[in-house]
Amino acid sequence: MPTEIFFGRNQIEVLSKQLKKGNIKSVLLAYGHGSIKRIGLYDKIVSILNESSVKITELPGIDPNPRISSVAKGAGLCRENKVDLIIAAGAGSVIDCCKAIAAARYYNGDPWDFFIRKTSVKKALPICAILTLAATGSEMNGGCVLTNEKTQEKLPMGSIRLKPKFSILDPTCTFSVSKSQTAAGIADITSHVFEQYFSYPDAALQDYMSEAVLKTVIENAPIVLAEPENYEARANIMWAGTVALNDLLELGKDGDWATHLIEHELSAKYDITHGVGLAILTPNWMKKVLDEKNCSKFAKYGRNVWSITEKDDMKTALQAVEKTAAFFKSLGLPQKLSEISIDSSKFEEMAASALKNCPVGRFKPLSKEDIVEIYRMSL
């Protein structure tokens, strides 16, 4: 884990030292649609950069489902301005986009080539992530997910070379995040854990750690929704989000990732919030894959995370699935695709697209028909 983490209040102050340490002369400052300006983070970053005599090139307006067009633009800016470091200030979408920019800076072809496996990351610019939303864990991993607006595809790619050099995690930067965004981020965190927990082979320590992350999120979720400026609760959620996807929980395992691949089709076609799609799909994925062979794993989840006392594994597993759905509902998240104006017209197309680049599901492999059924169950 090469990423150095600076966690806590006012950790933005370490930026000056890190710039000097890396002999940084020119940066690309990338961000979304203005939230870092509203919370005063933009001014702090710019002030530190100016005091350090660092040249600033800005890339604003990165979308929540980041577009590959932003990557091409950012890579061009990095070349033109001889950028030494990319500062990704925002949520996971900004950080993901910056990872692709970091790779594309040294690639002369179409940046989408990384996502369709036409090429791999040979070299990348270093990245500093300044996190403003607990969700993706992108601040401490090498993965990213981008949308190609022309082809309506949303695909992942990754490399150890894309792990941020250092990340600044100040929970106070999440105080102003809306309830809906906070809830969607929480759904994303829990889904990341599920993708690694429901996988093979079994690994006792990783499973217990996964359960601890889930319990931490479940306990703190109602607090942050009721008290958005509760520092301790925000800090617990933020760190849970980082640990949920920094490679630790999946070490030695083969994650499932079916729900993510299925959801990527929804957000590619309908531009919905990723966490919302996951909250709708996850309980239905659980119902679809649950069987006599794997019910013991779902039962373990039910007993260790939800404290279900039922002795029968299948009954416990079914209760655990219902608890999961109820948790997402308690966050105020939609429960059905129909609630967000999605009908069945593209189910067949999306299922085929999900399977185009790789198999879907390792915990239990899914066919096109299985994926369509999960979509239909989610209506």
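Our structure's up above, just so we're on the same page.
The text that follows walks through the structure, step by step, so that each part is easy to find. (Residues numbered from 1 in each chain as written. Predicted model: local features only at pLDDT ≥ 70, side-chain atom pairs only at ≥ 80, totals over all residues. Heavy atoms only, no water.)

## Remarks on the side chain of Asp207
Residue placement: Asp207 occurs in helix H7 (residues 204-226). Discounting chain neighbours no more than four positions away, the residues touching Asp207 are Tyr197, Asp202, Lys253, Lys297 and Lys300. (Helix = DSSP H or I, 4+ residues; strand = E, 2+ residues; numbered from the N terminus. Contact = heavy atoms within 4.5 Å.)

## A look at helix H3 (residues 41-51)
What H3 keeps buried is the set Leu41, Tyr42, Ile45, Val46, Ile48 and Leu49. Projected down its long axis, H3 shows its buried positions confined to an angular sector of 160°, all on one face. Of the exposed residues in H3, the ones pointing more than 90 degrees away from its buried face are Asp43 and Glu51. Turning to H3, the residues buried within the fold contact helix H1 (15-21), strand E2 (26-30), helix H2 (35-38), strand E3 (55-59), strand E4 (85-90) and strand E5 (127-131). Phi for Ser53, located one or two positions after H3, is positive at around 55°. (Buried < 20%, exposed > 50% of the residue type's maximum accessible area, 1.4 Å probe, protein only. Arc of directions from axis to C-beta.)

## Topic: helix H11 (residues 295-306)
Helix length check: H11, at 12 residues, gives a terminal C-alpha distance of 15 Å against a target of 16 Å (1.5 Å per residue), a fit within 8%. Those residues of H11 not exposed but buried are Cys295, Lys297, Phe298, Ala299, Tyr301, Gly302, Val305 and Trp306. In this structure, the buried residues of H11 make contact with helix H6 (179-197), H7, helix H10 (274-289) and helix H12 (313-330). A positive backbone phi angle near 60° is found at Ser307, which sits one or two residues after H11. (Expected span 1.5 Å × (residues − 1).)

## Re the nonpolar core
Within the largest apolar cluster, 99 residues are counted, with the highest numbers of intra-cluster contacts made by Ile86, Phe115, Trp285 and Tyr301. Looking at this core element by element, the count peaks at nine residues for helix H5 (residues 92-104). Other than its neighbours up to four places away in sequence, Tyr301 contacts Phe194, Tyr197, Phe198, Leu214, Met286, Trp306, Ala320 and Thr324. The next biggest cluster of nonpolar side chains, apart from the first, holds 25 residues, and it includes Ile24, Leu29, Leu49 and Ile130. (Core = buried A, V, L, I, M, F, W, Y, C linked by side-chain atoms within 4.5 Å.)

## A short note on the packing of H7 against helix H8 (residues 231-243)
Interaxial distance between H7 and H8 falls to 9 Å at its minimum, and their mutual angle equals 145°. Judged by the sense of rotation from one axis to the other, the crossing of H7 with H8 is left-handed. For the pair formed by H7 and H8, the contact residues are Val213, Thr216, Val217, Asn220, Ala221, Ile223 and Val224 on the first element and Glu232, Ala233, Arg234, Asn236, Ile237, Ala240 and Val243 on the second. Residues belonging to the contact of H7 with H8 are distributed by class as follows: nine nonpolar, three polar and two charged. (Axes fitted to C-alpha atoms, helices over the stretch in contact; angles between N-to-C directions. Left-handed = near helix turned anticlockwise from the far one by under 90°. Nonpolar A, V, L, I, M, F, W, Y, C, P; charged D, E, K, R; others polar.)

## Thoughts on unusual backbone geometry
Note on backbone geometry: most residues besides glycine have negative phi, and most peptide bonds are trans. The omega torsion across Tyr200 and Pro201 is -10°, close enough to zero to call that bond cis. Considering the arrangement of structural elements, one finds Pro201 in the loop between H6 and H7. In the Ramachandran plot, Gln152 falls in the positive-phi region, its phi being about 55° despite a non-glycine side chain. Phi is positive for Asp247, which is not a glycine, with a value near 85°. The residue Asp247 is located in the loop between H8 and helix H9 (258-270) in this model.

## Description of the packing of aromatic side chains
Enumeration according to the criterion identifies 20 aromatic pairs in this entry. In textbook terms, an aromatic cluster arises when at least three aromatic residues are bridged by ring pairs, as seen for Phe194, Tyr197, Phe198, Tyr200, Trp285, Phe298, Tyr301 and Phe363. Above the face of the Tyr197 ring, Lys297 is positioned so that its terminal group lies 4.7 Å from the ring centre. (Phe/Tyr/Trp six-rings, centres within 6.5 Å; stacked < 30°, edge-to-face > 60°. Lys NZ or Arg CZ within 6 Å of the ring centre and 35° of its normal.)

## With respect to the packing of H9 against helix H14 (residues 368-377)
Running from amino to carboxyl end, H9 crosses H14 at an angle of 65°, the nearest separation of the two axes being 11 Å. The element H9 and its partner H14 pack so that their crossing is right-handed. Contact residues: H9 offers Ile262, Glu265 and Leu266, while H14 offers Ile371, Ile374 and Tyr375. Residue classes in the contact of H9 with H14 are distributed as five nonpolar, no polar and one charged.

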